[in-house]
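Results of the structural survey
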Amino acid sequence: MSISVVVTNYNTKGLTLRCLDGLERQVGHQSVQVIVVDDASTEKLAGALPAWVDLVENKTNQGYVKSVNIGVGRATGDVVLLLDSDACPVSDVVTPIAEAFARNDRLGGLGFHLVDTVGRPTGATQPEPTALGLALGQALEQRFSHWIHRRSDGRFTVHSCALAFRRKAFMEIGGFDEEFDFLDADTDFSMRLRRAGWEIAMEKRVRILHEGSGSPQATATRVVRHHANRWRLLEKHGLITHPTLLRGVLALRHAAEFLWLSRPGGDPATRADKLSGRRRLMSTVWKSYRS
């Protein structure tokens, strides 16, 4: 069972080098192909990487999703371990991954135990999204997750910050959908794997340091991107049965949030950023968040 590792990088040189250092320590003498895809960073990696790493440099910025497809296209292993630059292996990754895929011919995707620097879980999975969850918003969806997903039969999706998959399965379903800009591309990938008859599992023997925030962005941008990508995901998988009703509920929620955030108090810059996000949501909700 041969394994390739694909690491994506965009102006995160220090994190990428940390990731590769952790990978080298945990892989040991075992032979793996390691590919780093640099997405036209201004901070160049050429000359800074170990000799055993294959560097792919995008001439222009392609975005995360396309960079993943480019990296996997260069991979030769039966299984590909995809890592964000801010994900660092802290336990053996090769043996458990090889064993898991060798045991089950229908295993398509594998997630791991993600932890912070003191070993606390940072979250590697989420239930398959629903229209109700989008209507409620992220905070309420998380609070009532058990009730919202009570009929999901345990179906979950794995975050791509640390995800292994059978290369054959990746190619069979067409890789990551490049219509997603970043958010929900991994969720869509997990859902398509399962719908194509592949299984998804967790391998808790593998621990990977991942605290997030490798790609910081303004709250307004994150909120708008979340809604746009989530609507597209639900629409793609036929999970929006009453689109006009859903848009109406979302418009009311955005208006209520805007009024609530308009109250005086707190940090003015933070409030202005959040209000900007709600304005953008209200202006695009009737177009399914397509600007």
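Structure shown above.
Source: prediction; values computed, not measured.

Scanning the entire structure with this criterion turns up 17 salt bridges. One salt bridge connects Glu128 with Arg195, and the closest N-O pair in it is separated by 3.0 Å. With a gap of 67 residues between them, Glu128 in the loop between strand E7 (125–127) and helix H4 (131–136) and Arg195 in helix H8 (residues 185–195) connect regions that are remote in the sequence. What makes Glu128 buried here is its relative accessible area of 6%. Look at Arg195 and you get partly exposed, because its relative accessible area is 44%. Measuring nitrogen to oxygen at the nearest pair gives 2.8 Å for the salt bridge that ties Arg192 to Asp188. Of this pair, Arg192 and Asp188 both sit in helix H8, four residues apart, which is roughly one turn of that helix.

What follows is about the pairing of strand E10 (residues 199–209). Bridge count for strand E5 (residues 88–89) against E10 is two bridges, and the pairing is antiparallel. Along E10, the bridge assignment pairs Pro89 with Ile208.

The next point concerns the sheet that holds strand E9 (residues 162–166). Here we have eight strands laid out as an open sheet, ordered E3-E2-E1-E4-E9-E6-E10-E5, and mixed in their pairing. One side of each edge strand has no neighbouring strand; the edge strands of this open sheet are strand E3 (53–57) and E5. Inspection of the sheet shows strand E6 (residues 107–115) paired to E10 by eight bridges, in the parallel sense. Bridge pairing in E10 links Phe112 to Glu203. Helix-sheet contacts for helix H2 (residues 64–74) involve strand E1 (3–9), strand E2 (33–38), E3, strand E4 (79–84) and E9, and the interaxial angle to E2 is about 150°. Against the sheet, helix H3 (residues 94–103) contacts E1, E4, E6, E9 and E10, and its axis sits at roughly 150° relative to E6.

Before going further, it helps to examine the nonpolar core. Leu83, Ile97 and Phe112 are the most contacted members of the largest nonpolar core, which has 33 residues in total. When contributions to this core are tallied by element, the ones reaching two or more residues are E1, helix H1 (13–27), E2, E4, H3, E6, E9 and E10. When residues in this core are grouped by element, the largest group, five residues, is from H3. Excluding anything up to four places from it in sequence, Phe112 contacts Leu81, Ile97, Ala124, Ala162, Leu163, Ala164, Met202, Glu203, Val206 and Ile208. With 27 residues, the next largest nonpolar core counts Tyr64, Phe165, Ile200 and Leu233 among its residues.

Calculation criteria
- Positions within a chain are numbered from 1, following the residues in the order the chain's sequence is written.
- Two thresholds apply to this predicted model, a pLDDT of at least 70 for residue-level local features and 80 or more for giving and counting side-chain atom pairs, whereas whole-chain, interface and lining totals are computed over all residues.
- With hydrogens and water stripped out, all remaining heavy atoms of the structure feed into the side-chain values.
- By salt bridge we mean one thing: a side-chain nitrogen of Lys or Arg within 4 Å of a carboxyl oxygen of Asp or Glu.
- The secondary structure listing takes helices from DSSP runs of H or I that are at least 4 residues long and strands from runs of E that are at least 2 residues long, numbered from the N terminus.
- Residue burial is assigned from relative accessible area. The probe radius is 1.4 Å, only protein chains are included, and a residue is buried under 20% of its type maximum, exposed over 50%, and partly exposed in between.
- Strands qualify as paired when DSSP identifies two bridges or more between them.
- Residue contacts follow a heavy-atom distance rule, with two residues in contact if any of their heavy atoms lie within 4.5 Å.
- Lines fitted to the C-alpha atoms define the axes, with helices restricted to the stretch that makes contact. Angles between their N-to-C directions range from 0 to 180 degrees.
- Buried residues of nine kinds, namely Ala, Val, Leu, Ile, Met, Phe, Trp, Tyr and Cys, make up a nonpolar core once their side-chain atoms join them within 4.5 Å.

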